[in-house]
Amino acid sequence: AQSVTQLGSHVSVSEGALVLLRCNYSSSVPPYLFWYVQYPNQGLQLLLKYTTGATLVKGINGFEAEFKKSETSFHLTKPSAHMSDAAEYFCAVGETGFQKLVFGTGTRLLVSP
Amino acid sequence: EAGVTQFPSHSVIEKGQTVTLRCDPISGHDNLYWYRRVMGKEIKFLLHFVKESKQDESGMPNNRFLAERTGGTYSTLKVQPAELEDSGVYFCASSPRARGWTGELFFGEGSRLTVL
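Bear in mind the structure is a predicted one, so any value in this text is a computation, not a measurement.

Q: Even after reading the chapter, I still don't get the layout of surface pockets, so can you show me in this structure?
A: Taken as a whole, the largest pocket encloses approximately 680 Å³ of empty space. Taken together, 30 residues form the lining of the largest pocket, with A:Gln38, B:Val89, B:Phe91, B:Glu109 and B:Arg112 sitting closest to its centre. Of all the elements in the fold, those that place two or more residues in the lining of the largest pocket are strand 10 (87–95) of chain A together with strand 1 (5–7), strand 9 (88–95) and strand 11 (111–115) of chain B. Take the lining of the largest pocket: its biggest share by element is 4 residues, from strand 11 of chain B. Counted by class, the lining of the largest pocket contains 11 nonpolar, 13 polar and 6 charged residues. Reported here for the second largest pocket is a volume of approximately 270 Å³.

Structure (structure tokens):
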């Protein structure tokens, strides 16, 4: 069965600092990998995804993630945090045959001035 | 274009009562999904509709949960009778029917259910 592990339920950074949110997955087949973000009082929205091809994926708002098969990881990064990045971030894995996502427990990003 | 809308945004009921959650997907989206997040844990898949047909209901917890999608448009999720462990946030998501699954779902804001 697929599973996703997100290290750290809360991550705090200062504005302008590097953001690193960790995600490890387990999957018996080549995975599709996703990061979703939920801003306060909004639904989840897709930040970026990896399906095939280039392992470094760029998403919205300056975020990017790198698929590392050998480490079964898909960590999310942003070089410089902005106050507006404060939100909850969810890593997810999916299989095409089943059309459903398996999510991690989420990481809440706190950004201080 | 309107996004996925869910109603109610928050419901508080007593154990043993019935609650019905509603989801209106984005117009034209054939795929409709229900997910649930309990007490800060992971968001878990409940079921998937393609139009009015249940494609996958492997995540439904038990027979106290009943999901329907009338005419392939809006969907309802009924919990009857509700138990304490049903408390959580119920998310609805939709996506267009495309060739090949992309995994990009459009989520509503969720319906928070509190069972006392």
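Read on for the rest.
Q: Would you mind showing me how to read the pairing of strand 4 (residues 31–37) of chain B here?
A: Residue and element names in this part refer to chain B. Taking burial as the measure, the 7 residues of strand 4 include 7 buried ones, the bulk of the element. Here strand 4 runs beside strand 5 (residues 43–50); their pairing, made up of 7 bridges, is antiparallel. Opposite Arg-37, over in strand 5, you have Ile-43 as the bridge partner. Between strand 4 and strand 5, which pair antiparallel in sequence order, lie 5 residues; one of them, Met-39, sits at a positive phi of approximately 45°. Relative to strand 9, strand 4 runs antiparallel, the two being bridged by 7 bridges. Bridge assignment links Tyr-33 to a residue of strand 9, and that residue is Ala-93.

Q: It is not clear to me how the nonpolar core should be interpreted in this structure. Could you clarify?
A: A general feature of soluble globular proteins is that nonpolar side chains tend to end up buried together. Ranked by internal contacts, the top residues of the largest apolar core, which has 27 residues, are A:Leu21, A:Trp35, A:Leu48, A:Phe74, A:Leu76, A:Tyr89 and A:Leu109. Put simply, the parts of the chain that give this core at least two residues each are strand 2 (10–14), strand 3 (19–21), strand 5 (32–38), strand 6 (44–50), strand 8 (64–68), strand 9 (73–78), strand 10 and strand 12 (107–112) of chain A. The dominant element in this core, judged by the number of residues it contributes, is strand 10 of chain A, at 4 residues. Counting residues in hydrophobic clusters, the runner-up holds 21 residues, among them B:Trp34, B:Met60, B:Leu77 and B:Leu113.

Q: I tried to follow the packing of aromatic side chains on my own but got confused; where do I start?
A: Two descriptors summarise a pair of aromatic rings, namely the distance from one centre to the other and the angle between the planes of the rings. Summed over the entire model, instances satisfying the criterion amount to 14 aromatic pairs over all chains. Between B:Phe91 and B:Phe107, the aromatic rings sit 6.3 Å apart at their centres with planes inclined by 85°, giving edge-to-face as the arrangement. One end of the pair, B:Phe91, is in strand 9; the other, B:Phe107, is in strand 10 (residues 106–107), with 16 residues separating them in the sequence. A single burial state applies to B:Phe91 and to B:Phe107, both of which are buried. Taken together, the ring pairs connect A:Phe34, A:Tyr36, A:Phe90, A:Phe103, B:Tyr33, B:Tyr35, B:Phe45, B:Phe91 and B:Phe107 into an aromatic cluster. The ring of B:Tyr74 is capped by B:Arg22, whose NZ or CZ atom sits 3.8 Å from the centre of that ring.

Q: I keep staring at the state of the cysteines and nothing clicks. Help me out?
A: Under the counting rule described, the total for this entry stands at 2 disulfides over all chains. Sulfur-sulfur distance for the disulfide between A:Cys23 and A:Cys91 comes to 1.9 Å. Disulfide A:Cys23 to A:Cys91: torsion about the S-S bond roughly -65°, handedness left-handed. Linking A:Cys23 in the loop between strand 3 and strand 4 (24–26) with A:Cys91 in strand 10, this pair joins segments that are 68 residues apart in sequence. When sorted by exposure, A:Cys23 lands in the same class as A:Cys91, which is buried. B:Cys23 shares a disulfide with B:Cys92; S-S distance 1.9 Å. A torsion of -65° about the S-S bond marks the disulfide between B:Cys23 and B:Cys92 as left-handed. Here B:Cys23, found in strand 3 (residues 19–24), pairs with B:Cys92, found in strand 9; they are 69 residues apart in sequence, far enough to count as distant.

Analysis parameters
- Residues numbered from 1 in each chain as written.
- Chains lettered and ligands numbered in written order.
- Predicted model: local features only at pLDDT ≥ 70, side-chain atom pairs only at ≥ 80, totals over all residues.
- Heavy atoms only, no water.
- 1 Å grid on protein atoms, 1.4 Å probe; cavity = no way out; pocket = protein on both sides within 12 Å on 5 of 7 lines; lining within 4 Å.
- Points joined across faces, edges and corners; volume = space filled by probe spheres on them.
- Helix = DSSP H or I, 4+ residues; strand = E, 2+ residues; numbered from the N terminus.
- Nonpolar A, V, L, I, M, F, W, Y, C, P; charged D, E, K, R; others polar.
- Buried < 20%, exposed > 50% of the residue type's maximum accessible area, 1.4 Å probe, protein only.
- Pairing = 2+ DSSP bridges.
- Core = buried A, V, L, I, M, F, W, Y, C linked by side-chain atoms within 4.5 Å.
- Phe/Tyr/Trp six-rings, centres within 6.5 Å; stacked < 30°, edge-to-face > 60°.
- Lys NZ or Arg CZ within 6 Å of the ring centre and 35° of its normal.
- Disulfide = S-S within 2.5 Å.

Limitation: the analysis is restricted to geometry and does not speak to function.
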